[in-house]
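Residues per chain, in single letters:
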Amino acid sequence: MRIRITLFCFLTLTILVGCKQSAKEETTANAPAASTPPALSAELLQMGEKTFAKSCANCHKDSVGSVAPSAAILGQMTSRAIFSALTKGKMIEQAKTLSDEERKAIAQWITKAPLKESSFPKSAFTKFNLTKQDEEAGFNHSGWGGNLEGTGYRTAQQAGITSQNVSSLKLKWAFGFPDGTQVRSKPALIGNWLIVGSQFGEVYALHKETGLIGWIFNADAAIRGAISFTQGSEATAYFADYATNVYAVDINTGSLKWKKRAGTHPQSSVTGSVVVYGARVYVPLTSFEVISATNPDFECCKSSGGVVALDATNGNEIWRHRVIAEDAKISGKKKNGKSFYGPSGAPVWCSPTLDAKRQLLYIGTGENYTNPATQTSDAIQAIDLKTGKLKWNWQATSHDTWNLGCPDNPNCPEKVGPDLDFGMAPLLVETSDGKDILVVGQKSGIVHALDPDNGKILWQKRIGKGGLLGGVHWGMATDGELVYAANSDNPNALDLRDSLIKADPGLFALKIQTGDIVWKTPPALCDTATRKVCIPANSAAPTVIPGIVFAGDLNGFVRAYSTADGKVLWQFDTVKEYDGVNGIKAKGGSIDGPSPLAADGMLFVNSGYGAFGEMPGNVLLAFSVK
């Protein structure tokens, strides 16, 4: 599976990803906080404690080997994050029988902190004004990779940053996301305005020079992917929330034009980014059945990953592609005597990549959740833009059946797969000799180059060991000569099947035509004396401009690397506290997920990824060479 699960998802696999408690933490009392603020009444706390004991404690135990994070760990989260998980996040299935008051009580009892809505001082706002010059600005950025091909490439004119001035980058402003623990939505940029989503569903229009708020739009659930937009007389922003609601928002006013739910399965979700082209919005679909499988009584599993094409003018469905063509049916018996269902899974975690010349849409797929395994899991697929019909399918790893119930839950398949799916968006690249190739990295630690006409292999190169949280986790970038791959090889989640393959985390540069490695640079090291978490891994997607690759790492450093030899030209340690321009105290953490955005002499970087033992944070940082 493409593990993109936020910290407020309770059922993070603590053991698998090495998020272990210390002996001191293991012996703490069940109540995760030592004192109770006066704002919380005894009645509310009593309701929260009783409801937690009845509905949650069976999984969230304070004991070694518990599948779900303990109450002590949950107590380090915000009450808003927990309430969001129970009402519109990963725990909605488990909390469906609870009242709204019970959910609020659980959130506040666990954290011993009152549940409050975010507010900003008047000084955090500025007048929103989108000009024709804004729309025509040559440095604008839309979508996951900045172009339909998903290459992550920016010209020198677009970036306004060069090898000569990159060392002068200085922090200009910081924006704090209220109560956030994870920042993973990639901003769009249109003229003077950034448009970025948040963990709790707010979408902000921020002035790029000041970070001040022009408008706020409230979606129903977390915004995890990039924001895309169309220009013209009615400039429109398009995005999807985790609950698969797709939105069209008027950029001039921040008001809703239309909203449609793309998912049809009750546990459908969206973790990737929408693509807008030819008056259509293409929406990738996954599901959180992979999480629900941790409940032994859950009827695992029935969903399929897919892509939905919607009309960009009104949200009406045009076509729907299922990665698994057939519906799931009873496929066996679990250890507890209940039925398995399948085939299932093969989620689409990432953004689709669009090929306008061939009129194709390329997607990467994830593992099957249950048996029987399909040929469409852990695969790259090409889909007809007009009809949604499958043109070709190439599978990298077969018989990869896995879910978060593994290894000991009854919902775990009998033959447990390695979970080596495709989590990144494919790159469509035109090489210097005019040939098109499709390049994609896999969590196996292998980079593949395919013929976009038929999916045939052109070359393959192993750059790491791979595993649950890597090799290539979130993405790559290319300038047409080299492809720059962030290899995670997170030491807490490696594929241990072959001891001869060694972990090799870092940033790699490969020749686009052959896959030969030109250089590699290991991740930044951190001082274990000054911070508790040090994970030497490059997991976030990079961005490339002429002469420079920008990439962040799980230790919280953002760096500029020379494209010639991988030498570090500039770096900044984001793990510190900031006074947000919006009046919110902010903190940096691990950098994971989308790539930095370079535009008009500025660099915008998300910092904070509170999942899987990584460092939480809640800040968007803006650097400038001016």
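Treat the numbers as computed from the prediction; the structure is a model and nothing was measured. Counting from 1, residues in each chain are numbered in the order their sequence is written. In keeping with the model being predicted, local features are shown solely for residues with a pLDDT of at least 70 and side-chain atom pairs are shown and tallied solely at 80 or more, while totals for entire chains, interfaces and linings include all residues. To obtain the side-chain values, all non-hydrogen atoms of the structure were included, while hydrogens and water were left out.

A. Here's a closer look at the pairing of strand S19 (residues 379–384). Buried residues dominate S19, accounting for 6 of its 6 residues. Residues of S19 alternate between two faces, with Ala379, Gln381 and Ile383 on one and Ile380, Ala382 and Asp384 on the opposite face, all of them buried. Pairing analysis gives 5 bridges linking strand S18 (residues 360–364) to S19, with the strands arranged antiparallel. Considered in S19, the bridge of leucine 360 is made with aspartate 384. Only protein chains enter the accessibility calculation, which uses a 1.4 Å probe; a residue whose area is less than 20% of its type maximum is buried, one above 50% is exposed, and one in between is partly exposed. Helical segments are the DSSP runs of H or I of at least four residues, strand segments are the runs of E of at least two, and each set is numbered from the N terminus. Strands pair, by our definition, only if DSSP identifies at least two bridges between them.

B. Spatial organisation of the sheet that holds strand S28 (residues 517–521). One open sheet holds the 4 strands; their spatial order is S25-S26-S27-S28, and the pairing between them is antiparallel. The sheet is open, and its two edges are formed by strand S25 (472–478) and S28, each paired on a single side. Taking each pair of neighbouring strands and ignoring which way they run, the sheet shows an average axis angle of 20 degrees. Note that S25 and strand S26 (residues 482–487) share 4 bridges and pair antiparallel. From the neighbouring strand, alanine 477 faces S26, where its bridge partner is tyrosine 484. Helix axes are fitted to C-alpha atoms over the stretch in contact, other axes to C-alpha atoms as well, and angles between N-to-C directions run from 0 to 180 degrees.

C. The arrangement of the confidence of the model for the protein in detail. On a scale of 0 to 100, pLDDT captures the predictor's confidence in every residue. In the predicted model, the protein carries a mean pLDDT of 89, and 91% of its residues have values of at least 70. When checking whether two residues touch, look at their non-hydrogen atoms; a contact exists if any pair is within 4.5 Å. Across residues 1–37, confidence stays below pLDDT 50; counting only partners more than four residues off in sequence or on other chains, it has 131 contacts. Taken as a whole, residues 63–67 scores under 50 in pLDDT and shows 10 contacts with residues more than four places along the chain or in a different chain.

D. Examining the side chain of threonine 374 more closely. Tracing the backbone shows threonine 374 in the loop between S18 and S19. Residue contacts for threonine 374: discarding those within four places in its chain leaves Ile324, Pro343, Asn368 and Gln395.

E. View of the nonpolar core. Counting 28 residues, the largest nonpolar core has Trp144, Val290, Cys301 and Trp402 as its most contacted members. Setting aside chain neighbours within four positions, we find cysteine 301 in contact with Glu289, Ala293, Ala328, Tyr341, Gly342, Ser344, Tyr369 and Thr370. Put simply, buried Ala, Val, Leu, Ile, Met, Phe, Trp, Tyr and Cys residues joined by side-chain atoms within 4.5 Å make one nonpolar core.

F. View of the side chain of lysine 186. In this fold, lysine 186 is placed in the loop between strand S1 (170–176) and strand S2 (188–190). Under this rule, positive means Lys or Arg and negative means Asp or Glu; His and the chain ends count for nothing. Each reported salt bridge corresponds to a side-chain nitrogen of Lys or Arg within 4 Å of a carboxyl oxygen of Asp or Glu. In this structure lysine 186 is buried but unpaired, with glutamate 149 as the nearest side chain of opposite charge at 13 Å. Whenever a nitrogen or oxygen atom comes within 3.5 Å of another N or O atom, the pair is scored as a polar contact, on the condition that within protein one atom can donate a hydrogen and the other can accept it, and that pairs from neighbouring residues in sequence are kept only if both atoms are in side chains. Polar side-chain contacts of lysine 186 include one of 2.7 Å to the side chain of serine 595. Apart from the residues within four sequence positions on either side, lysine 186 is in contact with His141, Gly143, Trp144, Ile195, Gly225, Ala226, Ile227, Thr543, Pro594, Ser595 and Pro596.

G. How the structure looks around the state of the cysteines. Criterion for a disulfide: a pair of cysteine sulfur atoms at a distance within 2.5 Å. Counted according to the given criterion, the structure contains 3 disulfides. The disulfide partner of cysteine 300 is cysteine 301, and the S-S distance across this bridge is 2.1 Å. Since a negative S-S torsion denotes a left-handed disulfide, the cysteine 300-cysteine 301 link at about -80 degrees is left-handed. Each member of the pair, cysteine 300 together with cysteine 301, is buried. One disulfide bridge connects cysteine 406 with cysteine 412, the sulfur atoms lying 2.2 Å from each other. Residues cysteine 406 and cysteine 412 are joined by a disulfide whose S-S torsion is about 100 degrees; by sign, that bridge is right-handed.

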